[in-house]
Amino acid sequence: GTSSGVSVSSHYRGSRHNRNGGIRLEINVPRRYDVHMETMGGGVSIENVEGRMSGKTMGGALMLSGLKGNLDLLTMGGEITLKNSDVDGNVKTMGGKVLMEDVTGDVKPSSMGGNVSQKNIARRSGEVRGRELNISTMGGEINVDDAPQGASLSTMGGAIHVHSAARFVKAKTMGGPVALDAVDGWIDASTMGGNVEATMTGDPSSGKRSVALTSMAGDITLSVPAGLSMDIDIELAYTEGHEGDYTIKSDFPVKQDVSPEWERDNGSPHKIIHGTGNVAGGSNRVTIKTVNGNVTIRKM
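Attention in this report is confined to the structure presented alongside it. All values derive from a computational prediction rather than experimental measurement.

Reading guide: rules and limits
Residues numbered from 1 in each chain as written. Predicted model: local features only at pLDDT ≥ 70, side-chain atom pairs only at ≥ 80, totals over all residues. Heavy atoms only, no water. Salt bridge = Lys/Arg side-chain N within 4 Å of Asp/Glu carboxyl O. Helix = DSSP H or I, 4+ residues; strand = E, 2+ residues; numbered from the N terminus. Buried < 20%, exposed > 50% of the residue type's maximum accessible area, 1.4 Å probe, protein only. Polar contact = N/O pair within 3.5 Å; in protein donor to acceptor, adjacent residues only side chain to side chain. Contact = heavy atoms within 4.5 Å. Pairing = 2+ DSSP bridges. Core = buried A, V, L, I, M, F, W, Y, C linked by side-chain atoms within 4.5 Å.

Glancing now at the pattern of salt bridges. Under the definition given, this model contains six salt bridges. One salt bridge in this structure joins arginine 209 and aspartate 184, with 2.5 Å as the shortest N-O distance. In this pair, arginine 209 is assigned in the loop between strand 15 (196-200) and strand 16 (211-215) and aspartate 184 in strand 14 (residues 178-191), connecting sequence segments 25 residues apart. Assessed through its relative accessible area of 2%, arginine 209 is described here as buried. Arginine 264 is the salt-bridge partner of glutamate 240, the closest N and O atoms lying 3.8 Å from each other. Of this pair, glutamate 240 sits in the loop between strand 18 (230-239) and strand 19 (248-250) while arginine 264 sits in the loop between strand 20 (255-258) and strand 21 (270-279), placing them 24 residues apart in sequence. With relative accessibility at 41%, the residue glutamate 240 sits in the partly exposed group. The class of arginine 264 is exposed, set by a relative accessible area of 53%. What you see here is one network of salt bridges that share partners, running through Asp231, Asp233 and Arg285.

When you line up the elements, serine 111 lands in strand 8 (residues 107-111). At 3.0 Å, the side chain of serine 111 and the backbone nitrogen of glycine 114 are in polar contact. Ignoring sequence-local partners within four residues, the contact set of serine 111 consists of Thr93, Gly96, Val98, Val116, Ser136, Thr137 and Met138.

What follows concerns the pairing of strand 23 (residues 295-299). Two faces belong to every sheet, and in a regular strand the side chains alternate between them. With five bridges joining them, strand 17 (residues 220-224) and strand 23 adopt parallel strand pairing. In the strand pairing of strand 23, threonine 221 is matched with threonine 296. The pairing of strand 19 with strand 23 spans three bridges and is classified as parallel. Counterpart to isoleucine 248 in the pairing with strand 23 is valine 295.

Attention shifts here to the nonpolar core. Grouped together as the largest cluster of nonpolar side chains are 61 residues, with contacts concentrated most on Leu64, Leu71, Leu180, Ile187, Leu213 and Ile288. Leave out the neighbours within four places in its chain, and isoleucine 288 touches Leu213, Ile220, Leu222, Asp233, Ile234, Glu235, Val295 and Ile297.

This brings us to the pairing of strand 8. Within strand 8, four of the five residues are buried, leaving the element largely enclosed by the surrounding structure. Looking at chain direction, strand 6 (residues 80-93) and strand 8 are connected through five bridges and run parallel. By the bridge assignment for strand 8, valine 91 is matched with proline 109.

Further remarks concern the environment of isoleucine 121. The residue isoleucine 121 is located in strand 9 (residues 116-122) in this model. Distance from isoleucine 121 to alanine 147, taken between C-alpha atoms, is 7.4 Å for residues 26 residues apart in sequence. Setting aside chain neighbours within four positions, we find isoleucine 121 in contact with Met100, Glu101, Val103, Leu133, Asp146 and Pro148.

Along the polypeptide, lysine 299 turns up in strand 23. Exposure remark for lysine 299: the relative accessible area of 42% places this residue in the partly exposed category. Ignoring sequence-local partners within four residues, the contact set of lysine 299 consists of Val224, Ala226, Asp251 and Phe252.

Next comes the structure, spelled out in structure tokens:
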């Protein structure tokens, strides 16, 4: 025992050439209790505790369930699972995936090399407005079931998929497709290599409704409500040898022009199909850019 609670430590005694201790610790604490842990290796499971959970493990999974309070947890090499909890804070892994499911609160997950998935994440009860989801990974997919307060998503290499969101979605990947199934707000999505599909839902006259979609190599498809006021600006670049392979198709009036000369100053020689249109007053800027890909704008 200590003045602040209970301290548990273990030390390996034996040959320095053989350090496989095989120890397993199971510690029961009161329902309301602050937990701080530091381990050099091994998985950590925290269940049914209310308080502040902090610390790190140098190599192992974090299994978290039935928690209430604040999190500040790190694993240097393992996956993180957080379920059935009412918490705020941060969880981070340097080399594993993150799964969050049935969680209320503002938790920021981060992975340096794994997929990040969220399902059934709710804002805190009684709050007028919660914080947006903020997810980053250095190498993996990002999957979001629902983001009622918006989402800011970034991965250095992997697909991004959002099933539904409100207010906004900002999504960036350095290599992979982006699919935004239903966004009731503004959209900013880009990829260095992959298709982009985005669908705007909700009242087209409510709030900010701008759209920016960019791919350096892929098709872009945007679906919007029929009454959305848009100032449309499309740039479809195609390289030599691909004349006629890619097109702009729109359910709204779009004027198209092709640059007369091959541009040779930025990368491979290319021409640009430029599409412009003003729909219902042009209140919301809609910018779409791609290289060697089709552009489609659909009326819902």
